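What follows is each chain in one-letter form.
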Amino acid sequence: MKKIIVEVCAGTHCTMMGSMDIMDAIASLDDEQLGLDSQCSIEVKAIPCKGTCEHGKRSPYVFIDGELIENADSSSVMSKIIELVQQKTK
Ligand code: FES
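No experiment lies behind these values; they were computed from the predicted model shown.

### Some points on a negative patch on the surface
Then, number 1: A surface patch of negative charge is lined by Asp30, Asp31, Glu32 and Asp37.
Then, number 2: Note on placement: Asp31 falls in helix α3 (residues 31–34).
Then, number 3: Residue classification places Asp31 among the partly exposed residues on the basis of a relative accessible area of 48%.

### Notes on the sheet that holds strand β4 (residues 67–69)
Then, number 1: The strand order across the open sheet built from four strands is β2-β1-β3-β4, with neighbouring strands paired in mixed fashion. The open sheet terminates on both sides in strands that have one partner only, identified here as β2 (40–47) and β4. In this sheet, neighbouring strand axes are inclined to one another by 20 degrees on average, regardless of whether the strands run parallel or antiparallel.
Then, number 2: Pairing geometry for strand β3 (residues 62–64) and β4, over three bridges, is antiparallel. By the bridge assignment for β4, Val62 is matched with Ile69.
Then, number 3: Packing against the sheet, helix α2 (residues 19–28) makes contact with β1 (2–9), β2 and β3, and its axis sits at approximately 150 degrees to β1.
Then, number 4: The strands that helix α4 (residues 74–88) touches are β1, β2, β3 and β4; relative to β1, the one it contacts most, it runs at about 165 degrees.

Conventions used here
- Residues numbered from 1 in each chain as written.
- Predicted model: local features only at pLDDT ≥ 70, side-chain atom pairs only at ≥ 80, totals over all residues.
- Heavy atoms only, no water.
- Patch = residues over 30% accessible without salt bridge, like charges linked within 9 Å, V, L, I, M, F, W, Y side chains within 5 Å.
- Areas by Shrake-Rupley, 256 points an atom, 1.4 Å probe, with all protein chains shown as cover.
- Salt bridge = Lys/Arg side-chain N within 4 Å of Asp/Glu carboxyl O.
- Lys, Arg positive; Asp, Glu negative; His and termini not counted.
- Charge placed at Lys NZ, Arg CZ, Asp CG, Glu CD.
- Helix = DSSP H or I, 4+ residues; strand = E, 2+ residues; numbered from the N terminus.
- Buried < 20%, exposed > 50% of the residue type's maximum accessible area, 1.4 Å probe, protein only.
- Pairing = 2+ DSSP bridges.
- Axes fitted to C-alpha atoms, helices over the stretch in contact; angles between N-to-C directions.
- Contact = heavy atoms within 4.5 Å.

This is how it looks when you write it as structure tokens:
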């Protein structure tokens, strides 16, 4: 099974900038809305601060399959997840 790993920073600065709202948004969608089937799944993890926020201007940070998304919001994260689901289920 193919898996998409979504890591959402749960550090102080990213949390203040809305990272938990992103986690809630992902959790609120079902597999059908994301285009998931039995061949592809998503693992969502809260991760500690990796120090990326040193200057504090581009939080919250989300990593999707290792790719950094700066100034992440629910919309940009969902778009990237859907794009990867489509690539992985071709
Ligand atoms: S708090 Fe998110 S990268 Fe530091």
